[in-house]
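Results of the structural survey
Residues per chain are reported as follows:
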Amino acid sequence: ATYQALNQPLSGRRPYLRVESDKPIAVLNTNFNDNWMAYATSPLGPDPQLDVSTNARRLGCGERATVTLELRNDGAPLSQTAATVALPAGLSFISAARGGALINPAVTSVGGAEQLAIALPQGLATSSAETLTVTVERGCASAGSCTASGLFTLSAGVAGSHGGARYASQASLGLELGQS
């Protein structure tokens, strides 16, 4: 079909089609007039995004906090997706949940700090969102005594693959770890 309503060369209008959508689209562009070339493309690449928040910015000895990771992907789907959380020394992992259901992330210890890896086997689909919650606790060296205090950074990330390339997003959150 040919769309000629905008073909008014004297007024500067040409027969171009404008496509607008709040959802991802793919475009097939052809030029059969000059050289019979055709190609298809999706202008939307993966766009992983991550927001990190907590219900407590200051933790005393033995106190717990819930850290919320909001993962979004407004672009092409991602596979082989995982979220990571690096806890500062002085915080211990208690539990994790995805959509309210408890999950078991892989936990490793590096230099006295714990790192969590949470696999998302279904990936992140186009225009999708996931919420992960991690409960942490301020550890004590002995009854009522904390080893380190001050300002620390909790770091989180999400990464996935699309078309053989890796896409990632990172976020961090400042926490004050106090003595009491």
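Residues numbered from 1 in each chain as written. Predicted model: local features only at pLDDT ≥ 70, side-chain atom pairs only at ≥ 80, totals over all residues. Heavy atoms only, no water.

Position of T135 relative to the elements: it lies in strand β11 (residues 128–138). Those residues in contact with T135 that lie beyond four places of it in its chain are R64, A65, T66, S92, F93, I94 and S95. (Helix = DSSP H or I, 4+ residues; strand = E, 2+ residues; numbered from the N terminus. Contact = heavy atoms within 4.5 Å.)

Moving on, we come to unusual backbone geometry. With a phi angle near 50°, Q80 is a residue other than glycine that sits in the positive phi range. Owing to a relative accessible area of 61%, Q80 belongs among the exposed residues under this scheme. (Buried < 20%, exposed > 50% of the residue type's maximum accessible area, 1.4 Å probe, protein only.)

The next thing to look at is the nonpolar core. With 29 residues, the main nonpolar core has L50, V52, L69, L71 and V134 as its most contacted residues. Look past the residues within four positions of L69 in its chain and what remains in contact with it is L50, D51, V52, T84, V85, E130, T131, L132, V134 and A156. (Core = buried A, V, L, I, M, F, W, Y, C linked by side-chain atoms within 4.5 Å.)

In terms of strand pairing, strand β9 (residues 106–110) meets strand β10 (residues 113–120) through five bridges, oriented antiparallel. Bridge pairing in β10 links A106 to A117. Two successive antiparallel strands, β9 and β10, enclose a turn made up of two residues, where G111 displays a positive phi of approximately 60°. (Pairing = 2+ DSSP bridges.)

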